Amino acid sequence: MNKSFHIIILGLFVAQSLVLYIVEGMLPVPFIAPGAKLGLANLITVIALYVLPRKRDVVLILLLRILISTAFAGGINAFFYSVAGAAFSFAVMALLHNRSCFSIIGVSAAGGIFHNLGQLIIASLIVENAKIMLYLPILSVAGVGTGILIGITAAFALSKLRRLPIYERMTALS
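An unreviewed UniProt entry lists the protein under the name Heptaprenyl diphosphate synthase component I, with Megasphaera vaginalis given as the organism.

Caption draft 1: Representation of the packing of aromatic side chains in the model. Considering all chains together, one arrives at one aromatic pair under this definition. The ring of Phe5 is capped by Arg169, whose NZ or CZ atom sits 3.9 Å from the centre of that ring.

Caption draft 2: Just unusual backbone geometry, in detail. The phi dihedral of Glu128 is positive, around 55°, even though this residue is not glycine. Tracing the chain through its elements places Glu128 in the loop between α5 (104–127) and α6 (136–161).

Caption draft 3: How the structure looks around the layout of surface pockets. Reported here for the second largest pocket is a volume of approximately 200 Å³. Ile9, Leu12, Phe13, Gln16, Leu43, Ile44, Ile47, Ala157, Leu161, Ile166 and Met170 are the residues that line the second largest pocket. Those elements that place two or more of their residues in the lining of the second largest pocket are α1 (3–26), α2 (42–51), α6 and α7 (166–171). Counting residues per element, the lining of the second largest pocket draws most heavily on α1, at four residues. When its residues are assigned to classes, the lining of the second largest pocket shows ten nonpolar, one polar and no charged.

Caption draft 4: Focus on the nonpolar core. Among the nonpolar cores identified, the biggest contains 36 residues, and Phe13, Ile47, Val51 and Leu52 are the most heavily contacted of them. At the level of secondary structure, the elements contributing two or more residues to this core comprise α1, α2, α3 (55–73), α4 (76–96), α5, α6 and α7. With eight residues, α2 is the largest single contributor of residues to this core. Ignoring sequence-local partners within four residues, the contact set of Leu52 consists of Ile9, Leu10, Phe13, Asp57, Val58, Ile61, Met170 and Leu173.

Caption draft 5: The arrangement of α3 in detail. Compared with an ideal rise of 1.5 Å per residue, which puts 19 residues at 27 Å, α3 spans 27 Å between its outermost C-alpha atoms and is within 8% of the ideal. Those residues of α3 that sit buried are Asp57, Val58, Ile61, Leu62, Arg65, Ile66, Ser69 and Thr70. Tucked into the core, α3 has its buried residues touching α1, α2 and α4.

Rules behind the numbers
Residues numbered from 1 in each chain as written. Predicted model: local features only at pLDDT ≥ 70, side-chain atom pairs only at ≥ 80, totals over all residues. Heavy atoms only, no water. Phe/Tyr/Trp six-rings, centres within 6.5 Å; stacked < 30°, edge-to-face > 60°. Lys NZ or Arg CZ within 6 Å of the ring centre and 35° of its normal. Helix = DSSP H or I, 4+ residues; strand = E, 2+ residues; numbered from the N terminus. 1 Å grid on protein atoms, 1.4 Å probe; cavity = no way out; pocket = protein on both sides within 12 Å on 5 of 7 lines; lining within 4 Å. Points joined across faces, edges and corners; volume = space filled by probe spheres on them. Nonpolar A, V, L, I, M, F, W, Y, C, P; charged D, E, K, R; others polar. Core = buried A, V, L, I, M, F, W, Y, C linked by side-chain atoms within 4.5 Å. Buried < 20%, exposed > 50% of the residue type's maximum accessible area, 1.4 Å probe, protein only. Contact = heavy atoms within 4.5 Å. Expected span 1.5 Å × (residues − 1).

Spelled out as structure tokens, the structure:
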């Protein structure tokens, strides 16, 4: 496979996730749970998980998005929260995405829950208080809701992407 094409596809995924991250930062999200977000950048992660044959490419997209976004819009704590959330979320989504009993919506919802779990673990370590985990049920509800929305959007986007001639080349990257 053409290495230049591979780099271009990965760059496009990183750029798209960064744009969604920036757009999300501009949206006023009136959640009952402080700090809860829609997770728009995760849309690209879910799509990449279903399109790209190598999971390490998806990990690279995630890490580049986190590094770039925290370099411009966050501090070291934001980096740790993002990495923990992404690691937990990606691990669960990668395990579930090939299972026939989980749709893309279910995979995304599970990713939303585990993203919040990873962030709460980091938060409890930073503040040195495990009681912050009491926040998990509220964030889990938010994670399921946003995960379902991201999953529905990813399914719709994939249905359109599969019709494009470039789709075959993207799924053959190695």
